[in-house]
Amino acid sequence: GQQVMQIPQYQHVQEGEDFTTYCNSSTTLSNIQWYKQRPGGHPVFLIQLVKSGEVKKQKRLTFQFGEAKKNSSLHITATQTTDVGTYFCAGGAGNMLTFGGGTRLMVKP
Amino acid sequence: DAGVIQSPRHEVTEMGQEVTLRCKPISGHNSLFWYRQTMMRGLELLIYFNNNVPIDDSGMPEDRFSAKMPNASFSTLKIQPSEPRDSAVYFCASSSQTGGATGELFFGEGSRLTVL
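Remember, predicted model here, so these are calculated numbers, not experimental data. (Residues numbered from 1 in each chain as written. Chains lettered and ligands numbered in written order. Predicted model: local features only at pLDDT ≥ 70, side-chain atom pairs only at ≥ 80, totals over all residues. Heavy atoms only, no water.)

**Student:** Any chance you could explain the packing of aromatic side chains here in plain terms?
**Tutor:** Remark: the centre distance and the inter-plane angle together describe each pair of aromatic rings, the angle taken between the planes. For the structure on display, the rule yields 12 aromatic pairs over all chains. Between Phe99(A) and Phe107(B), the aromatic rings sit 6.1 Å apart at their centres with planes inclined by 80°, giving edge-to-face as the arrangement. On the criterion of chain membership, the pair formed by Phe99(A) in strand β10 (residues 96-99) and Phe107(B) in strand β10 (residues 106-107) is interchain, its members lying in two chains. In this pair, the class of Phe99(A) matches that of Phe107(B), namely buried. Both rings, one in Tyr35(B) and one in Phe107(B), keep their centres 5.7 Å apart while their planes meet at 40°; by these two values the pair is tilted. With a gap of 72 residues between them, Tyr35(B) in strand β4 (residues 31-38) and Phe107(B) in strand β10 connect regions that are remote in the sequence. The two residues Tyr35(B) and Phe107(B) agree in class, both being buried. Members of the aromatic cluster, each reached through a chain of ring pairs, are Tyr35(A), Phe45(A), Phe88(A), Phe99(A), Phe33(B), Tyr35(B), Tyr48(B), Phe91(B) and Phe107(B). (Phe/Tyr/Trp six-rings, centres within 6.5 Å; stacked < 30°, edge-to-face > 60°. Helix = DSSP H or I, 4+ residues; strand = E, 2+ residues; numbered from the N terminus. Buried < 20%, exposed > 50% of the residue type's maximum accessible area, 1.4 Å probe, protein only.)

Rendered as structure tokens:
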């Protein structure tokens, strides 16, 4: 079955440093979604990418979808303490959505 | 809109007891998902429904788990009998699925289950 891997599992950064999490699928995806889960909270949708090579920005967050539609990344510029949480990618293939294991981001003030 | 509503928020029970978790999806959404989240295994899809029909239940751990969706506004996940290894946060999510592709998932706040 489809597998979605995410690295790293954990990342500690100093406030103001950049952060990147990577997502890789074992199969070609039709779309990729990104979610953020704050500690003690529930996953909240951030964005969906559909096109090969697509890049989208939300303020300090930049999302990329690979040319082969098998990988994706989320980059945060100049992290803030409010960025703390776990970031999940979810790969869509047909009507199935498979979540990666998540990257837990910790930010030191 | 009130969003996806789950109950109970917290449940502590003893091994062997029956547990029923409830979910009310967002009105108008045609897909409903049950996920389980643990530190060890992350977010696992247990089952999903489309138009109230179970489409994929391959993630349901074993016969102790069952899920129903009697109508578009209600779903239950039942564990009978419960075991300590079932302790986890159970999330319900709903979405509007069009053209065979799953759209944005809206998650409920989760039900934290502890089985002693």
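Structure's up, so let's keep going.
**Student:** What should I look at first to understand the state of the cysteines in this one?
**Tutor:** Defined simply, a disulfide is a covalent bond joining two cysteines at their sulfur atoms. If you walk through the whole model with that rule in mind, you get 2 disulfides over all chains. The partner cysteine of Cys23(A) in its disulfide is Cys89(A), sulfur to sulfur 2.0 Å. Across the S-S bond of Cys23(A) and Cys89(A) the torsion is about 75°, and the bridge reads as right-handed. Residue Cys23(A) is found in strand β3 (residues 19-25), and its partner Cys89(A) is found in strand β9 (residues 85-93); the two are separated by 66 residues along the sequence. On the basis of relative accessibility, which here comes to 1%, the residue Cys23(A) falls in the buried class. When its relative accessible area of 0% is taken as the criterion, Cys89(A) is described as buried. Between the sulfur of Cys23(B) and that of Cys92(B) lies a disulfide, 1.9 Å long from S to S. Of note, the bridge from Cys23(B) to Cys92(B) carries an S-S torsion of about -70° and is left-handed in sense. Of this pair, Cys23(B) sits in strand β3 (residues 19-24) while Cys92(B) sits in strand β9 (residues 88-95); the two residues are 69 residues apart in sequence, bridging distant segments of the chain. (Disulfide = S-S within 2.5 Å.)

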